[in-house]
Each structure stands twice: as structure tokens, then as C-alpha cells.
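Spelled out from the first residue to the last, the chains are:
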Amino acid sequence: MHGRPRKSATPVDENASALKAAKIRSLQSQFLLNHHNNIYTKEALEINAKLIESNPEFMTAWNYRKLAFEHNLSNQSEADSDHIKSIIDEELRVVENALRKNFKSYGAWHHRKWVISKGNSSTERELRLLNLFQKQDTRNFHAWNYRRFIAGLKNISDEKELQFTTDMINDNFSNYSAWHNRSVLLSHLLEKKVVGYFPKEIFLKEEYEFVRNAVFTDPDDQSGWFYHLWLLDQTVKVDMPNLVSSWPPHGSEITKTTFPIVLFFNEPVEGVNLQTVSVQVEDDIFKNIAWSPLSSNKFKCGQAWLTHLTIPLGETHSSKIFQVKISSEYSQGIISSNGVPCSQHWSIAFRVSVCHDFQLEGQSLRGVLMTDENFSTVDINSNVMDLFKSYFELASDYEQPTSSKWKSEMIASEIDQYRELLSWAECKIGKLTLARLLMANDAIGTPVAPNTTHVEEVLKLYSELMELDPTHYQYYKDEYSLVFLKQVTSSKESLMKYCGQYKESTSSNITGPMCLRLNFLSLSQIGSFERLLWVQSLDLSHNQLHSIEGLEALQLLSCLNLSHNKVGSFMALDPLRFLKSLRVLNISYNELGAHTVDTRRYLCSSPLSHTLDYDKKFEEFATGDEKVLNFWEAYSVFGGLDIMQLDVVGNAAADERFILFLVKLLPGLKWLDGEELH
Amino acid sequence: MAETESYPPIDPTNFDLIVVGTGLPESIIAAAASTAGKSVLHLDLNPHYGSHYSSLTLQDLTSFLNAQSPNPNINPHQSDTDTTAIDVITRPLYSDIEISSYDDSVVESSRKFNLDLAGPRVLFCADLAVDLLLKSTANQYVEFKNIDASYVCDGNGNLMNVPDSKSAVFKDKTLKYSEKNQLNSLFKLVQGHLEAVKSVETGVDDEKVISEEDLDSPFVMFLDKMKLPPKIKSIILYAIAMVDYDQDAGESCKDVLRTRDGIDRLALYHSSVGRFPNALGALIYPIYGQGELPQAFCRRAAVKGCLYVLRMPVISVLLHKDSGNYKGVKLVSGQEITSNKLVMDPSFTVTSSPSESPQDVSKFFDAGTISGKLARGICITKSSLKPDASSCLVIYPPRSLYPDQATSIRVLQLGSSLAVCPSGMFVFYISVVCDNALEGKKSLHAAIDSLFSAHTSGTTDSCSTDQIDSTEVKPTLLWSALYVQDLFEGLMGPVVMTPTPDGNLNYNDLLHTTSKLFQQLYPDDEFFPETSNTDSSDKLEDDSEVGIES
């Protein structure tokens, strides 16, 4: 069934197919006439059956059969069960003929499902049919799909079906469908907490051994590896959503009276609101807090949630320290995207010190420059480090509940096995799996600080893979970048190496005292945002970024350099929309406008939808210049921002008209492409 | 044997070909010649088909083995004017026959047995015999069943599953993960090589081809080069490639398997697995015994017009007096039948009668020399070796049973589902290639001691070697027949001699010899031409209706 070469048609074949086409056409016109006139006689159905037999892919023909079926059945009295049975049998026979013609016909399988779900027919026969089909083509996913349907209808136990997959895999383990069904069945068993399958460590060990037989026997066969990936995911997966990080961090002290609060979870969640999260300043519980998810494409759902807090200053002209406490009030109300509630209670507390000699946010007189000569190494003893320190030293408070010992044991044993496999077999997917296992090991190994024991090895594995398997270069590159960032953000010391302190403090009220400089690293993706929530100034220039997804979590970001990357469209810059503090932006020398087709565009809010939260009227910009309509994307990204300094030179999109548009859109703009505006 | 009247006269009295003996090679030649349009007379002195390839009841088997004496009834020569007659005698093929019965119930149900004279023997789903059955359409007369499992004895006397395919390697519980990888890598290498060779033939070059140098080197060296551990090597050599002689013996090994042939044997095995959807493993066995195969070809021949007469001994071969050329045969009935060609089974030879000089006879009738010996054993038990397999193959590689075991011992267990024994009983066939009877018997006894426990009702034949206590209870030996068979290869002469059953597990070598003999007999005729109903063979293969039942 698989791996059969296609043969080109001979003249004889072509003649035959021309004849067949003529036959189908004539049947089709007869059928359509019947369909049009709602004729459901026996003769009409026979014509339809013939048509379906020669072309099982014709959906309209199947739909007609459904109409006919319901029509003919409704004309029967309840008592005439024999006749009803014969109508059903006839439907099943037509489907069987169609499947004989093409056993991968969607229409046929669907019709069968539809007829069977009407009841009145023997599912025993369906099982026999399935056994036949699954013997002929063991991986036919239509048959597997139908099998799940029948098993559900017949109430066949998941254990029994699991045994069936075992038998099929024993016959030939190169069977994606069987492995897949296995993962589906085990998930059911786990969900229903069936004895012997709950908790999951009971079956995981056996499953690891089972699939190991497959991947070790033939490492080039990918089906087992996919299952292994599922197992690994099951092992590592934390079953419930949890808070992993926040701004301001627990135990920190900040000095602004109005500031954003960001809650960062391990996975996208919904339900962060006044009922679920309480914000308490001193003894007052604030009731006028509105939380919103930081996500450009998921409504009501986000990994990071944002609100703004203003400390009410009752007594003026005196310094005071306020205690702020944010805690989960009703954590069950915070739910992951697949419906699991957060059951862990959490709480963060920090201090806000109000001192009135604090410099007001002023206008900077010069543009912000992010070149090497503007930075000095960070003085570890300087007081700008305090916040930074508290971030790392107290980060442990948000860590996951201590992971079970079985997880680390299981993963450690898998690592040993796959190291051995790689010692005698050169195997791409083996290397990839080892890299994933090592990362998983680091992720669950120690509950306190992020573990980076294996990062160097993982990076080496990805580098090797990039060379070994150029087809999937981009994937390995992305993974490499993420692992690399994990390493960079793992500790204060490693992060420090990438930080620069601004020499001149003239614009420090915009840039903050420090800049995280992740430039010239050939990163193709960014991540580890949960550890970067403190960043005000970020240099990502001279990398290979296509996307900045996730950057929206960095709510303090005021200064961002994305120059010399591969950002291909304004939609890829959509996360900027959420960065209301952003004042300085460099997107020069990217590929904006260089690609005519933007595959991300469907995610974009359009002029017809009204999801933008800023009140400028796009029509104002659009009138009189049709071409401006093309700037809709740029408008949706920048329209709500208050940017002071912008660099867009070196992009295909940055023509004169666009510049004019930007100047009009951003009234606060002072520097554009290095020139001061007047 | 006196009443010559009871033999019916044969009409006509002249044929293109007379075949004496209904063993598999003779039956195939008779069927092939009939298919090619020759008139054929097929004779057998026995009351059953199959000669040395037959399956017999327990009683018949015993008497067949013991029927050693040459035909006592030497007829007086009533020479015609132009004919010389040379007496035909039976030469003994079997020696050192030992039959032991420990339980009367076995002998009592004698008639319920179909015991192979030439066991152990199986067919590989993709071997020549299956192809020939399909091509000749003789497959319609015989049905097969799968052999459930095969085991190989490791160095410690334990039987382990032979991981003979990708899925068997996957399922195996005893192999280490690294061994699984090594085995499957070798399977893939062989497959890749065969595909590459195929594509080279069609003009596409590929790097996967194993080098000529490696192909000519001993297979065992190639396996060493692949860094395969001894356990895996042993599985491949003895349990998949079915090699007889110890390949690690170096210079002293009698028959070194070349990589080229080793790869062919692996390929045969692999193409056998899964050739027929209803046969799970590589090996199949005919229901009612191997004796069904010669019968199937005889039926095929009969359909094509071959004349069959059983219980009809040939007493002499007739020659033209002046030329000394073959003329015909004289039957026990006294009737003389002439033909152009004569094919005889190898258990017949001629006496040099006083009137003829021995040289003349041997010029005309080369009896061939013994090319080797085989020790065979048939054992009957009431329980199976492994509870989950009613039929199985067991291989004892060289040196696995005792240090100087020079050749591999093969055992085939069959259950009543194959209709070879009464239900509840099991038949074991054992064979080993040997230089002499002593050595052969030693091997047989070693295998029997390892397989069975002796019958409790005090027999002298008790276990001499200490057996490792295994949790599995060994079957108790109830009946056994051990014998040594002489090996003759087929010979082309004025009278064609067919080969005796060989020591292989399948019929491939025998069929090669047989088709060669046929081609020499009839150089202008095709050995079973592709049948006129052209699609039959393909259709049969696809439908897997080789009578194989799962």
C-alpha cells in the first residue's frame, strides 16, 4: 500500500480513462437531475450508487444519499423493521463498494459513520470489516479512525483496544496509526484514572521500554520516535497551570508609583480577574483592577497577564514605603487552555518606595545610541543591580511543586539508553531525542534554580544536527536559539555577561540604567521571557529573527533594537502593540515589505474589525491616498504607541510615502532614521 | 511375490520415458515430461507414492526402513536374439537402524501417523519448491500450514527464539537493544544490497552494493567485519542461513559459506517472511506430511497423461545386444516395456551378471558413489517442547551440544494440526550431516538427550550428560527411530539416476539437480513452461491460495 512507484499512463490507459470519464459524466448529469428534483426512487438511488462506485470522492452524491436515506426512512412505519434494515444494508453495501474502489475515500467512511450512528445495525459486522481493512493496509488512518468510532459505540474497553494496537505493532512496528491510537487510548485510560494506568508513571516505564524496542531495532523508522516524543511530553508535562514568574518580582523594591504588574504562567491560561487574583496595597484590597492577557492571537487567553497599578498618594511630600501583595484568591478559576485549573496557591509581595526627589520623566535631548562605545561593563556593586539581584535570588519562590522523583529517574535512564544508541549508530532523530531528553532532564532535575548541566551538550547536538540535516536547518537553529537563551538567562552571572551599562545617564529615564545586549548571536528565535520581565532596554540587532512572538511580556521595555534581522512583515512586529512603554525602536535593515505574501496576515486584525484599543481613526490617514491603505498593518502595530525615536531605513517598505505616514501617525516622534524632526 | 498373474498387463508397451520410483525428483521429472507432451510410464514397486520421500504410517515406516534385502527373485534370463537383460537390485540406503518403543500407545495408533522418511524438511515460502508448485499448478493438490516458531540453542543449552525478521527482532525479549540494532542493520544491509544489485542491473548505480571482495570472502568473516557478537553470528549462520558445518573452524571447515551465498540465503529467508499474508513466518509444512509433494506432482503428471502402476517392481533393464544401448525394462510380471529414456530412483542398481563384463555394465549404468551420510531420527512424544508452539524448528549450532559437534543439528517438531500424528502427540524429526554412522548417532543422541527426558519405566538409554535444571518440563520420549542414510547425488547417463533426499532443510538443491537432469534429458523442452492460462501463477500468489491455511 505504501512506497509504490507511480507509473505513467499508456495510450491504452488514457483511452480507458476517457471512456470512464464519459460514463461518469452521463451518470452525473442523471444524478444531478434527480437530486435537483428530489427524486429518491429505487432507480434514482441505483444511478447514484453506480456513480459513487466509479467516483467515491463525489461529496454531493453522498449528501444526496443521506437525504434519500432520511426521506425513505421517514416514509416507513416503525413496525416495518425488515424494510428499514434493508435500506440500511443497502447504504452499507454502497459504502463497501466505494471503499473497495478507494479505501481512503473520506466521503465513504463518513457516510458509513453517519449511517451507523443512526443505529439499527450490527456493529459486529463493522468490526469484521475493520479487521479486513486493517489487515490489508495496517496504517490506513481512516480505518483506525473508524475503529475508534466503533469501539466507542460498542463500548469496547480501552484496554482491549490497547491490546489490539500492541498486536498490530508486534506484527509491524512501522505503523504511525497504531502508535497514535496507543497514545489516544492511554490518554483516555489516564483521564479516567483506570487502575493500572493511573498515575501515569505506572504505564510510562513499560511504554518507554516497548517503544525502545522499535527505535533500537530500526532507528531510521520514524514511527516509534514520534511515540517516544509523546511519552517524553507526558513525562515532563506539568499537569496544571502555575505561576512561574512576575513583575515586580517577589521581595523586590521599586520606586515608581505607577507601574505594570505582569503575571507569567507556565502555559496560556484564562480567568485571571478580580475574583481569582487579589491585589492588596497595605491593608486595602484594590477593586478597580483590570487584568488583560498579553497575547496577540488568543482571545481571553494568555501566558502573561497584565494590569497597571497606581499607588494612591494620600500624604504628600513624605517618603513612604508601601507593601503590595498579589495573591491567588481563587486559583481554581485560573484555567489552562485544555481546562485544567490551577490548584496551587501562590502569592507575591513587594515594596513600593515613594521618594519625591525622583527625576520626572523628561525629554531626552539626544537620540539613544546602542553601539558598543555607549556601554561599559556592569558594575556589580552599583545599586542598579539591586533589583536585578532580587529577581534572581528570589525567583525560586515561583517554582513548580517539587517534581516527582520518578520523572528524573525515568528521564535519566532514557538518556543513558540513547547515549548508548548514538555510540553505535549515527542517527539524526536519535540526536534530536537525546537533546530533548537532556533539556527535559534539566527542566525537572532540580526544583530550585534552572539547571543548565547539559546545555553545552545540547547546543553541540543541535550544531551537529544543523550540519547533518540541512533540510531541517531552521528547526534546529530555532531550538538552538531557545536553548542558548535558556542558558543565558539561567543565572545572574551568565546574564550579566550580556548586559551593558549606559555610560551617559542623560536618557536613563527612558532606557533604564542597563541594556541587555543579545546582538550578533545569530539567534533565529527568542524565548525565556519569564526571566526577562525586568528588561527595559534590549538589543537584539544582528541576529536572524523572523519573529518576536512573546516579547509582549516585557512590559518595561522602552528601548528595543531589532536592526539587521529578518523580520519580514509588520504583522511579525505585532507584539510591539502591547509595549506601551516603548519609546525607542530600531527596525532598520530588516525585510519589511520585501515579501509580497505574508502568511501570518490572517492573524491580523483588519480595518473591518474593531479590536484596536486606540482611538485614532485610520480613515484620517487613509483619505486622499489610496496607497495608504497598504499601511494598515503598520498602523495597527504603531498606532497605539508613543514612539520618540524610530529607525526604519533599509527596509523595502520604507519609502518616502511611508515615512510621511509614520510622521503623521506618531506625533511624539523626535528622531527618525537618525535625523531630528522639526 | 510368485503370482505373476496378479500383475495387470500394461498397454501400450512403448513409451518416451519410463520413470522408476515415485520420489520427489522422479515425480517432478514425470510431471515435467508429461507436460512437455511425452508419453510417460511411472512405476513404483511400493504400494504407496513417494519412495524415499514418502510419509508413512509408523508400521510402514519401520518395515520400509528394514526392507533392505535385494530382490530375491532373480529371474532366469530368457534372452531374445537381440536383447541383453541386466538384473535390477535394490541397494540398501539405510543402515544402523535403531527403533525403540517405550509406550505401546504409540505403536497402537500406528495408522494415525504420517511419518516422513526424509525429515526434517520444510518449505520456505519463497523457495524453489513453492515456485515450482505454483508454476506447475501442482499446488492445487496440497495445502500448507505455517511453522509456528524457530529456536536456536545458545551456548548454555537454552533455546531462544530466532529473531528472523524485523518484527521478530522487535518482539524478542532476550536480545539486548544493541543486538536488536545490529541484527536489523544487517537485515537492512542485505536488503539494500539486493535492491542496489537490482538497480545496477537496470543501469542505476548505487553505493550500497557490498564489494566484490567481501562477496567472495567467507560469510563468517563478513559478519566479523560487521562486528557482530558470536550469539548474533550463530543465529545468522545456523538458524537463518542454515549452514551445516562449523564456520569458525577455519581451514578445517568442510564447506565454507561465501558472503555471496550467505546473502542469498538471508534474502530467501526474508522474502519468505510475509510472502503469503496467511503464513506469518518463513517456513511452511504440507498437511499430511512431505509425502504429499511427490503425490501432487504425480497427480499433475497423471492429468497430463502419465500412466501409473504401483506395486510393480522392475526386475531387469534391457539392452540392445549389438549396440549395448538402453532398450527397455522387464517388469516382475514378465512384461517387457520399451522406451527411449529411463529414469530410476537411486536405491536401484544392477548386478553384473556373469554374462556381462562389469565394465560394460558400468559404462552403461553408473551407479554413482556415496557422497555422504546423514543421520536421521524420528521421535514421538505426548507434549510439546514449548507450550505456545505446536510446530517449531530447533537448531543446535555446531559445538552447542558437545565440544566436538562438527555440524549443525536440526530438529523439527510437528503437531497433530498438520495431520501427521494423533492428536495429543508430537513428532520430532532430527537430522545431521555426518562422516560416519558413529558420529551421526552421537549427534542424534546428544540432541535427544537435550530435548527429551527418558521414559520412566526404566530404560537403559538414560541421560548420560547432566542437564541444566530448567523450569520447563521436557517432553518424555515415547518412541524413536534412528537411522543413517547414504547420500547419492543425481547422475546423468544412459539411465538417469535421481538424487536421494539430502541433508538440507528445504528442497532447493534437490530441485536444482532435478531441473538440470530434466534439461539434459530433454534439452529442447522447457521445464514446466509458463502455463497457458497466463495469469494463474500471479493470481495465485497474490491471493495466497497456495493452499496455505493460517
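In what follows, the structure referred to is the one given above.
These numbers come from a predicted model, not from an experiment.

Definitions and limits used
Residues numbered from 1 in each chain as written. Chains lettered and ligands numbered in written order. Predicted model: local features only at pLDDT ≥ 70, side-chain atom pairs only at ≥ 80, totals over all residues. Heavy atoms only, no water. Buried < 20%, exposed > 50% of the residue type's maximum accessible area, 1.4 Å probe, protein only. Helix = DSSP H or I, 4+ residues; strand = E, 2+ residues; numbered from the N terminus. Pairing = 2+ DSSP bridges. Contact = heavy atoms within 4.5 Å. Buried area = accessible area lost by both parts, 1.4 Å probe. Salt bridge = Lys/Arg side-chain N within 4 Å of Asp/Glu carboxyl O. Nonpolar A, V, L, I, M, F, W, Y, C, P; charged D, E, K, R; others polar.

Draft legend 1. Spotlight on the pairing of strand β19 (residues 409–415) of chain B. All names here are of chain B. Within β19, seven of the seven residues are buried, which leaves the element mostly enclosed by the surrounding structure. Here β19 shows a buried face lined by Ile409, Val411, Gln413 and Gly415 and a second buried face lined by Arg410, Leu412 and Leu414. Across five bridges, the pairing between strand β18 (residues 392–396) and β19 is antiparallel. In the sheet register, Val394 faces β19, and the bridge partner there is Val411. As paired elements, β19 and strand β20 (residues 426–434) share six bridges and run antiparallel to each other.

Draft legend 2. Structural view of the interface of chain B and chain A. The interface of chain B with chain A comprises 11 residues on the first partner and 23 residues on the second. In total, about 1400 Å² of surface goes out of reach between chain B and chain A, with carbon and sulfur atoms giving 56% of it. Three residues stand out in chain B for area buried against chain A, namely Phe170, Tyr177 and Asn181 of chain B, and they jointly supply 51% of the buried area on that side. Connecting chain B to chain A are four salt bridges. One salt bridge in this structure joins Lys188 of chain B and Asp218 of chain A, with 2.6 Å as the shortest N-O distance. Contributing elements (two or more residues each) for the side of chain B that touches chain A: α5 (166–171) and α6 (177–201) of chain B. By residue number, the principal contributor to the side of chain B that touches chain A is α6 of chain B, which donates six residues. Broken down by class, the residue content of the side of chain B that touches chain A amounts to three nonpolar, four polar and four charged.

Draft legend 3. Here's a closer look at the pattern of salt bridges. Residues and elements named next belong to chain B. Going through the model one piece at a time under the given rule, you end up with 40 salt bridges over all chains. Between Glu179 and Lys231 there is a salt bridge; the shortest N-O distance is 3.2 Å. One end of the pair, Glu179, is in helix α6; the other, Lys231, is in helix α9 (residues 230–240), with 52 residues separating them in the sequence. You can call Glu179 buried: its relative accessible area is 6%. The partly exposed category is assigned to Lys231, whose relative accessible area is 28%.

Draft legend 4. View of unusual backbone geometry. Cis rather than trans, the peptide bond between Trp247 of chain A and Pro248 of chain A has omega equal to -5 degrees. Here Asp11 of chain B and Pro12 of chain B are connected by a cis peptide whose omega angle stands at 5 degrees. By the element assignment, Pro12 of chain B lies in the segment before β1 (14–20). In this structure, Lys193 of chain A is a non-glycine residue whose phi angle is positive, near 55 degrees. Relative to the assigned elements, Lys193 of chain A resides in the loop between α9 (176–191) and α10 (201–217). The backbone of Tyr288 of chain B shows a phi angle near 80 degrees, a positive value even though the residue is not glycine. Structurally, the position occupied by Tyr288 of chain B is in the loop between β11 (283–286) and α11 (292–303). For Tyr288 of chain B, a relative accessible area of 47% corresponds to the partly exposed category.

This is a description of form; function is not addressed.
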